[in-house]
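# Report on the structure
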Amino acid sequence: QSALTQPASVSGSPGQSITISCTGTSSDVGSYNLVSWYQQHPGKAPKLMIYEGSKRPSGVSNRFSGSKSGNTASLTISGLQAEDEADYYCCSYAGSSTVWVFGGGTKLTVL
Amino acid sequence: QLQLQESGPGLVKPSETLSLTCTVSGGSISSSSYYWGWIRQPPGKGLEWIGSIYYSGSTYYNPSLKSRVTISVDTSKNQFSLKLSSVTAADTAVYYCATMTTVIAFDYWGQGTLVTVSS
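The structure reproduced in this document is the subject of the present report. Only a predicted model underlies this, so the values are computations on that prediction, with no experimental measurement involved. (Residues numbered from 1 in each chain as written. Chains lettered and ligands numbered in written order. Predicted model: local features only at pLDDT ≥ 70, side-chain atom pairs only at ≥ 80, totals over all residues. Heavy atoms only, no water.)

## Observations concerning the overall build of chain A
- In terms of helices and strands, chain A carries 1 helix and 9 strands.
- For chain A, the succession of helices and strands along the chain, N to C, is β-β-β-β-β-β-β-α-β-β.
- Taking 111 residues into account, the globule formula puts the C-alpha radius of gyration at 13 Å, and chain A, at 13 Å, falls close to it.
- Each principal axis of the C-alpha distribution contributes one length, and for chain A these read about 40 × 30 × 25 Å.
- When the 111 residues of chain A are sorted by exposure, 47% land in the buried category.
- Expressed as a percentage of contacts within chain A between residues at least 6 apart in sequence, the contacts between residues at least 24 apart total 57%. (Helix = DSSP H or I, 4+ residues; strand = E, 2+ residues; numbered from the N terminus. Rg over C-alpha atoms; globule rule 2.2 N^0.38 Å. Buried < 20%, exposed > 50% of the residue type's maximum accessible area, 1.4 Å probe, protein only. Contact = heavy atoms within 4.5 Å.)

Laid out in structure tokens, this is it:
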């Protein structure tokens, strides 16, 4: 069982917006603004899409945005495109003992 | 542009030690504030952080694996390594090396290497 809870799957049509949730606890997501999101296409390494909750690395489309409320972080993808179809993972800092925890991943299907 | 490349045996016998190396190019493994880590992904499953080593040499391990994991750095070869002892079939996974450079997130990843534990 993963430390962070994500929906197993979400779907949307091209042009629509979707949101993926990542629920943790007051010991990880709720205590630190250090949630990151990764996109993973089949057979490929994960790619950083959002860091420190809501910041985008250079080169990542502004269609991707991150936010947090309480113990739940969210990734929103607007203007869905076919190439957005992938698995998405959240990750949070969880303190000096546990350090980093990942979510179980969410499969995004673009219909 | 920083590049990471994992290497090591693709097949390990149960109860033996899994050993992998990550070679860093395009930058120095001794760079101040860089944080180097190992993450794995069992077939068809999600990501699991194994552990990390800071540029200063401080190590941090997943509590569930701590008793079996050792991460070290070889600055002369610009490499860092993972050793996981007493492996079982549950340790079969794609192993990634990754790093945090200028942001607090894993911003550079290796391509991953599949390690199968089987006799």
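Having seen it, we continue.
## Some details on the interface of chain B and chain A
- In this complex, chain B contributes 21 residues to the contact, which on the side of chain A involves 17 residues.
- Summed over the three residues of chain B that lose the most area to chain A, namely Leu 47, Trp 49 and Ile 104 of chain B, the buried surface amounts to 35% of that side.
- Taken together, chain B and chain A are joined by 0 salt bridges.
- Run the count over chain B and chain A and you get 8 residue pairs in polar contact (both at pLDDT 80 or more).
- Looking at the side of chain B that touches chain A, the elements that each hand over two or more residues are β4 (35–41), β5 (48–54), β6 (59–61) and β9 (93–100) of chain B. (Buried area = accessible area lost by both parts, 1.4 Å probe. Salt bridge = Lys/Arg side-chain N within 4 Å of Asp/Glu carboxyl O. Polar contact = N/O pair within 3.5 Å; in protein donor to acceptor, adjacent residues only side chain to side chain.)

## Describing the pattern of salt bridges
Residues and elements named next belong to chain B.
- According to the stated counting rule, one finds 5 salt bridges over all chains in the structure shown.
- In this structure, the salt-bridge partner of Glu 48 is Arg 40, at a minimum N-O distance of 2.7 Å.
- Arg 40 gets classed as buried once you look at its relative accessible area, which sits at 6%.
- Bridged by salt links that share partners, the residues Arg 40, Glu 48, Arg 68 and Asp 91 form one connected network.

## Topic: the sheet that holds strand β5 (residues 64–69) of chain A
Residue and element names in this part refer to chain A.
- Reading across from one edge, β2-β6-β5 is the order of the 3 strands in this open sheet, with antiparallel pairing throughout. Every interior strand has two partners, whereas the edge strands, β2 (18–23) and β5, have only one. Taking each pair of neighbouring strands and ignoring which way they run, the sheet shows an average axis angle of 20 degrees. (Pairing = 2+ DSSP bridges. Axes fitted to C-alpha atoms, helices over the stretch in contact; angles between N-to-C directions.)

## Focus: the sheet that holds strand β3 (residues 18–25) of chain B
All names here are of chain B.
- Read across the sheet, 4 strands follow the order β1-β3-β8-β7 without closing on themselves; strand pairing throughout is antiparallel. At either margin of the open sheet sits one strand with a lone partner, and together these are β1 (3–7) and β7 (69–74). Ignoring strand direction, the axes of neighbouring strands in this sheet form an average angle of 20 degrees.
- Pairing of β3 with strand β8 (residues 79–84) involves 6 bridges; the strand directions are antiparallel. Within β8, the position partnered with Leu 20 by the bridge is Leu 82.

## Here we look at the packing of aromatic side chains
- Applying the stated criterion to the full structure yields 13 aromatic pairs over all chains.
- For the pair Tyr 32 of chain A and Tyr 93 of chain A, a centre-to-centre distance of 4.8 Å together with 80 degrees between the ring planes defines the contact as edge-to-face. On the criterion of sequence distance, the pair formed by Tyr 32 of chain A in the loop between β2 and β3 (35–40) and Tyr 93 of chain A in strand β7 (residues 86–93) is long-range, its members being 61 residues apart.
- Here Tyr 93 of chain A falls in the partly exposed class, since its relative accessible area comes to 21%.
- Taking 6.1 Å as the distance between ring centres and 45 degrees as the angle between the ring planes, the aromatic pair formed by Tyr 35 of chain B and Tyr 60 of chain B counts as tilted. With Tyr 35 of chain B in strand β4 and Tyr 60 of chain B in strand β6, this residue pair connects regions lying 25 residues apart in the sequence.
- You can call Tyr 35 of chain B buried: its relative accessible area is 9%. (Phe/Tyr/Trp six-rings, centres within 6.5 Å; stacked < 30°, edge-to-face > 60°.)

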